[in-house]
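The chain contents come next:
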Amino acid sequence: MPISPRAALLVIDVQNDFIPGGQLPVPEGDLVVPLINRLARQFKHVVVSQDWHPSGHISFASSHPGRQPFELIELPYGAQTLWPEHCVQDTDGAQFHPELDLPHAQLIIRKGCNLGIDSYSAFLEADRSTTTGLSGYLRERGIDTVYMVGLALDFCVMFSALDARAAGFNAFVVLDACRAIDLDGSLAAAIIRMQEAGVGLIQSSDLPA
Ligand code: VGL
Ligand code: ZN
């Protein structure tokens, strides 16, 4: 059965800084690129997200004197993991992986653009109220189902999948087209959270070839 024309593929953050050699490398992050390119050809609708931070962003450890990357701090909107500086607007690290090949993608959602708010999710920022507009876009396009692939499984992919469900979409994560950071058990926790939220966890072999 072909993939429904009411389904969209959401390609999360396949950017140089998340690839080995980048500022916040996801192990094996480069390995998902050929698979994503192939899967995308099965979809009528392809949306791409791009982590896109201003310099001095609140998620950077360097913005908090005395703090180190991967520490957790409390911000007005809740807990925030601190990261190395990554995906700064218009830098090479923020560009898509050079082999990502999605000629028919119609929308790029840039997120994390507000200096004082992080955004793992492609739908809702970390304050849980600032929206990127993505669910409205998908709904206006008649989309009812979102398949997610990309980086990192336990951060941006997971939060996008949870928010897709919360917004009323059917949501699937194609596990072999994702890779995780896996910080302090974050991968195992992400799998459980997604299962509990009703996100379908599938393999690319479950989709039409
Ligand atoms: C991401 C940490 C910080 C991601 C983005 O794309 O998963 N992770 N910013
Ligand atoms: Zn980020």
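Residues numbered from 1 in each chain as written. Chains lettered and ligands numbered in written order. Predicted model: local features only at pLDDT ≥ 70, side-chain atom pairs only at ≥ 80, totals over all residues. Heavy atoms only, no water.

Participant: Describe the overall build of the chain, and please don't skip the residues or the numbers.
Facilitator: Secondary structure summary: the chain contains four helices and eight strands in total. For the chain, the N- to C-terminal ordering of α and β elements is β-α-β-β-β-β-α-β-α-β-α-β. Over its C-alpha trace the chain gives a radius of gyration of 16 Å, about what one expects of a compact globule, namely 17 Å for 209 residues. Taken over the C-alpha atoms alone, the chain extends approximately 55 × 30 × 30 Å along its principal axes. (Helix = DSSP H or I, 4+ residues; strand = E, 2+ residues; numbered from the N terminus. Rg over C-alpha atoms; globule rule 2.2 N^0.38 Å.)

Participant: How would you sum up the site of ligand 1? Please name residues and give values.
Facilitator: As a structural note, the neighbourhood of ligand 1 is formed by D13, F18, L24, D51, W83, H86, Y120, L151, A152, F155 and C156. Within the side chain of D13, an N or O atom sits 2.7 Å from an oxygen atom of ligand 1. Contacts to ligand 1 include C156, whose backbone N or O atom sits 3.1 Å from an oxygen atom. A per-class count over the shell around ligand 1 returns eight nonpolar, one polar and two charged. (Near = heavy atom within 4 Å. Polar contact = N/O pair within 3.5 Å; in protein donor to acceptor, adjacent residues only side chain to side chain. Nonpolar A, V, L, I, M, F, W, Y, C, P; charged D, E, K, R; others polar.)

Participant: Quick one: what's the story with unusual backbone geometry, residue by residue and with numbers?
Facilitator: Comment: phi is negative for the bulk of residues other than glycine, and the bulk of peptide bonds are trans. Cis rather than trans, the peptide bond between L151 and A152 has omega equal to -15°. Checked against the element boundaries, A152 lands in the loop between strand 6 (145-151) and helix 3 (153-166). Even without being glycine, D182 reaches a positive phi, approximately 60°. Residue classification places D182 among the partly exposed residues on the basis of a relative accessible area of 43%. (Buried < 20%, exposed > 50% of the residue type's maximum accessible area, 1.4 Å probe, protein only.)

Participant: Go over the pattern of salt bridges with me, naming the residues and quoting the values.
Facilitator: Taken as a whole, this structure holds seven salt bridges when the rule is applied. Across the pair D144 and R6 runs a salt bridge whose closest N-O atoms are separated by 3.1 Å. On the criterion of sequence distance, the pair formed by D144 in the loop between helix 2 (134-140) and strand 6 and R6 in the segment before strand 1 (7-12) is long-range, its members being 138 residues apart. The closest approach of N and O atoms between R41 and D101, which form a salt bridge, is 3.1 Å. Placement of R41 in the loop between helix 1 (32-40) and strand 2 (45-51) and of D101 in the loop between strand 4 (78-81) and strand 5 (107-111) is noted, with a sequence separation of 60 residues between them. By relative accessible area, D101 is classed as partly exposed at 37%. When salt bridges with common partners are traced through the structure, they connect D13, D51 and K111 into a single cluster. (Salt bridge = Lys/Arg side-chain N within 4 Å of Asp/Glu carboxyl O.)

Participant: Describe in detail the coordination of the zinc ion (ligand 2), supporting the description with residues and values.
Facilitator: The zinc ion (ligand 2) binds to the protein through D51 (OD), H53 (NE2) and H86 (NE2), with metal-donor distances spanning 2.0 to 2.2 Å. Mapped onto the sequence, the residues coordinating the zinc ion (ligand 2) show the spacing D-x1-H-x32-H. Of this pair, H53 sits in the loop between strand 2 and strand 3 (72-75) while H86 sits in the loop between strand 4 and strand 5; the two residues are 33 residues apart in sequence, bridging distant segments of the chain. (Donors = N, O, S within 2.8 Å, 3.2 Å for Na, K, Ca; no water.)

Participant: Quick rundown of the sheet that holds strand 7 (residues 170-179)? Include the residues and the values.
Facilitator: Here we have six strands laid out as an open sheet, ordered 5-2-1-6-7-8, and parallel in their pairing. Pairing within the sheet leaves two strands with one partner each, and these edge strands are strand 5 and strand 8 (200-202). Adjacent strand axes in the sheet meet at a mean angle of 25° when their direction is disregarded. Direction of pairing for strand 6 relative to strand 7: parallel, over a ladder of six bridges. Note on strand 7: the bridge partner recorded for L151 is R179. Helix-sheet contacts for helix 3 involve strand 1, strand 5, strand 6 and strand 7, and the interaxial angle to strand 7 is about 170°. (Pairing = 2+ DSSP bridges. Axes fitted to C-alpha atoms, helices over the stretch in contact; angles between N-to-C directions. Contact = heavy atoms within 4.5 Å.)

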